[in-house]
Amino acid sequence: MFNFSISSFNSVNAKDISQPHFFILCKGLNSGKPLEKPCPNCFVITTNSNEEKEFLYWLCWGLWQSKKFYHLHTGSVIPFIRLHEFKPFIKEQAATAFAEKEQYNKNVKALQQLEALEKNYKQNLLLIMDAKRAIFHKATARR
């Protein structure tokens, strides 16, 4: 089992983080979303190795995508996740995923492929929108 720690992110102590780490958004409708860069309302998960970081990052990403963090949301106007509720939930989910590591790895690989495909589609949509603008601009420039 992995050894990791979860704490509230503080920009003052950010330079002290030397271990592999990533961040989890803890405020708003996207609470639970893993992030590569910190934001004002986030937790930091530090691990002992990059392998552990990748394992936990994709676990959190999958949990966020499947809306598993919604039951942890508190607050009526701006939902947020409490650290003392988040820690045991992630540890439980990590233990479950680690116990079924082979299936978990297959799921992560599938998620990564879908994420790459989605990124490609978004890029294509941006190119299509640019082409539409260019056609309209060209058509209106003649007059």
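Whatever comes next refers back to the structure up there.
Residues numbered from 1 in each chain as written. Predicted model: local features only at pLDDT ≥ 70, side-chain atom pairs only at ≥ 80, totals over all residues. Heavy atoms only, no water.

### Topic: the overall build of the protein
So, point 1. If you tally the helices and strands in the protein, you get 3 helices and 4 strands.
So, point 2. Written out in order from the N terminus, the α and β elements of the protein read β-β-β-β-α-α-α.
So, point 3. Taken along the three principal axes of its C-alpha coordinates, the protein extends 65 × 35 × 35 Å.
So, point 4. The burial tally for the protein puts 30% of its 143 residues in the buried class.
So, point 5. Sequence-distant contacts in the protein: of pairs separated by 6 or more residues, those separated by 24 or more amount to 65%.
So, point 6. Taken as a whole, the protein presents about 9,700 Å² of accessible surface, with 55% of it coming from carbon and sulfur.
So, point 7. Of the charged side chains in the protein, 20 are positive and 12 negative; the average position of the first set lies 12 Å away from that of the second. (Helix = DSSP H or I, 4+ residues; strand = E, 2+ residues; numbered from the N terminus. Buried < 20%, exposed > 50% of the residue type's maximum accessible area, 1.4 Å probe, protein only. Contact = heavy atoms within 4.5 Å. Areas by Shrake-Rupley, 256 points an atom, 1.4 Å probe, with all protein chains shown as cover. Lys, Arg positive; Asp, Glu negative; His and termini not counted. Charge placed at Lys NZ, Arg CZ, Asp CG, Glu CD.)

### A short note on the pattern of salt bridges
So, point 1. Tallied over the full model, the rule gives 6 salt bridges.
So, point 2. Residues Arg82 and Glu85 are paired through a salt bridge, measuring 3.8 Å at the closest nitrogen-oxygen approach.
So, point 3. Given the relative accessible area of 27%, Glu85 is considered partly exposed.
So, point 4. Glu102 serves as the salt-bridge partner of Lys106, at 4.0 Å between the closest nitrogen and oxygen. With Lys106 and Glu102 both in helix H3 (residues 101-141) and 4 residues apart, the pair spans about one turn of that helix. (Salt bridge = Lys/Arg side-chain N within 4 Å of Asp/Glu carboxyl O.)

### Considering the sheet that holds strand E1 (residues 4-8)
So, point 1. With antiparallel pairing, 4 strands are arranged side by side in an open sheet as E1-E4-E2-E3. Only two strands of the sheet have a single partner each, and these edge strands are E1 and strand E3 (34-35).
So, point 2. Direction of pairing for strand E2 (residues 21-25) relative to E3: antiparallel, over a ladder of 2 bridges. Bridged to Phe23 within E3 is Leu35.
So, point 3. Its contacts with the sheet place helix H1 (residues 50-65) against E1, E2, E3 and strand E4 (42-47), and it is angled at close to 15° to E2. (Pairing = 2+ DSSP bridges. Axes fitted to C-alpha atoms, helices over the stretch in contact; angles between N-to-C directions.)

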